[in-house]
Amino acid sequence: MAEKIKIEKNTVAETLLLPLSGRADCSKKYPEVFKDAEAERIVESIDYDFSALSYSSFVVLSWAVRKRFLLGCARAYLAEHPNATIVNLGCGADTCFDELDNGKCHFLNLDLPEVIAAREKFTACHEREKNVGASAFDLSWLEQVETSREDGLFVMSGGVLFYFEEEKVKSLFLALAQKFPAGGICFDAVNKKGLEKSNKVVEKSGNKGAKIVFSLDDAEKELSAWSPAFKKVSVCRRLAPEIKKAKSIPFGTRFAVNMGLRLGFMQFVEIRFK
């Protein structure tokens, strides 16, 4: 039996474990809609007391729903641009290549250097996949994209962008739209009420460095105004029918997540460029 990877408390590697363990948990409990064998495998390979992690069933389900949305957008893009590069911006310990690989596309996992170093303890890259340690806002990472402008680029980002000021997010989106005019991006966001609720929870926890600063009350209207290069802005406001009807998921949890989407407390957004 291979020796397990030891993860110490209060390290960068530890910050990757919360969403990872949440996805693995959903995979075990609700495999008919959220099977994630890689998340389960990675959790099993780590020497860490996962029982010490505390999170609500609402948060766990929202992580799994978010990943499903991001993968769905990326699959749709690859159906139109099979040779494209898919970028997992703020990848953490998330593994998506196997679920998206069509035999032609390229995949780029982007996160801060210390996060990428931790990630590489858990999982190795496949052919046509690479890890890049850099800030998303240091656009030199675009030089690592191996496909052409015509092949296309699609970015998916979960749990990242709402921690940055609007102007930073806007500058990133405009740069992507300029360099890859047929590209796109999908990400999660919150409205102002969702921002306030989230930050109250953060304040109670005593964590002063994890506050959300970027929100969208009307994503279609606000983002479309950023640039005429944005061909289409769409927002997912409801759970997919198969998730909404999944009897293995407690009704109250499904209802809470669905209402969160409908009220905009959490949002899943996609932009296509032109």
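Visitor: Let's hear about the pairing of strand 3 (residues 85-89): which residues, and what values?
Guide: A large share of strand 3 lies buried, amounting to five of its five residues. Here strand 3 shows a buried face lined by Thr85, Val87 and Leu89 and a second buried face lined by Ile86 and Asn88. One ladder, built from five bridges, connects strand 3 with strand 4 (residues 106-111); its direction is parallel. Bridged to Ile86 within strand 4 is Phe107. Bridge analysis of strand 3 against strand 6 (residues 153-157) gives four bridges, and the strand direction is parallel. Counted as the bridge partner of Asn88 is Met156 from strand 6.

Visitor: How would you summarise the sheet that holds strand 4 if you had to cite specific residues and measurements?
Guide: The strand order across the open sheet built from seven strands is 5-4-3-6-7-9-8, with neighbouring strands paired in mixed fashion. Pairing within the sheet leaves two strands with one partner each, and these edge strands are strand 5 (129-133) and strand 8 (230-236). Strand after strand, the sheet turns through a mean of 15° between neighbouring axes, direction not considered. In terms of strand pairing, strand 7 (residues 184-189) meets strand 9 (residues 267-273) through six bridges, oriented antiparallel. Counterpart to Phe187 in the pairing with strand 9 is Val269. Strands in contact with helix 5 (residues 57-80) are strand 3, strand 6, strand 7, strand 8 and strand 9; relative to strand 9, the strand with the most contacts, it is inclined by about 15°. Lying over the sheet, helix 7 (residues 113-122) contacts strand 4 and strand 5, oriented at roughly 140° with respect to strand 5.

Visitor: Please set out the side chain of Asn199 residue by residue, giving values where relevant.
Guide: Note that Asn199 resides in helix 9 (residues 192-205). On the accessibility criterion, Asn199 (9% relative accessible area) is buried. Discounting chain neighbours no more than four positions away, the residues touching Asn199 are Lys211 and Ile212.

Visitor: Explain the environment of Pro113 to me, and be specific about the residues and the numbers.
Guide: Mapped onto the secondary structure, Pro113 falls in helix 7. Sequence spacing of Pro113 and Val132 is 19 residues, and the spatial spacing of their C-alpha atoms is 7.5 Å. Beyond its immediate sequence surroundings of up to four residues, Pro113 is in contact with Gly133 and Ala134.

Visitor: Give a detailed account of helix 4 (residues 37-44), specifying residues and quantitative values.
Guide: Of the positions making up helix 4, those classed as buried are Ala39, Glu40, Ile42 and Val43. Projection of helix 4 onto a plane perpendicular to its axis shows the buried side chains occupying an angular sector of 165°, all on one side. Elements that come into contact with the buried residues of helix 4 comprise helix 2 (17-29), strand 2 (46-47) and helix 7.

Visitor: Let's hear about the pattern of salt bridges: which residues, and what values?
Guide: Proximity of charged atoms lets side chains of opposite charge pair with each other. Summed over all chains, the structure comprises 17 salt bridges. In this structure, the salt-bridge partner of Asp101 is Arg128, at a minimum N-O distance of 2.8 Å. Within this pair, whereas Asp101 is found in the loop between helix 6 (97-100) and strand 4, its partner Arg128 is found in the loop between helix 7 and strand 5, the two being separated by 27 residues in sequence. On the basis of relative accessibility, which here comes to 30%, the residue Asp101 falls in the partly exposed class. For Arg128, a relative accessible area of 25% translates into the label partly exposed.

Visitor: Break down the packing of helix 2 against helix 4 for me, citing the residues and quoting the values.
Guide: Direction vectors running N to C along helix 2 and helix 4 enclose 120°, while the axes themselves pass 8 Å from each other. Our classification of the angle between helix 2 and helix 4 gives oblique. Pair helix 2 / helix 4 crosses with left-handed handedness. Of the residues in helix 4, those in contact with Leu20, Ser21, Arg23, Ala24, Ser27 and Lys28 of helix 2 are Ala37, Ala39, Glu40, Ile42, Val43 and Glu44. Looking at the contact of helix 2 with helix 4 residue by residue, the class counts come to six nonpolar, two polar and four charged.

What counts as what
Residues numbered from 1 in each chain as written. Predicted model: local features only at pLDDT ≥ 70, side-chain atom pairs only at ≥ 80, totals over all residues. Heavy atoms only, no water. Buried < 20%, exposed > 50% of the residue type's maximum accessible area, 1.4 Å probe, protein only. Helix = DSSP H or I, 4+ residues; strand = E, 2+ residues; numbered from the N terminus. Pairing = 2+ DSSP bridges. Axes fitted to C-alpha atoms, helices over the stretch in contact; angles between N-to-C directions. Contact = heavy atoms within 4.5 Å. Arc of directions from axis to C-beta. Salt bridge = Lys/Arg side-chain N within 4 Å of Asp/Glu carboxyl O. Parallel < 35°, antiparallel > 145°, perpendicular 65-115°, else oblique. Left-handed = near helix turned anticlockwise from the far one by under 90°. Nonpolar A, V, L, I, M, F, W, Y, C, P; charged D, E, K, R; others polar.

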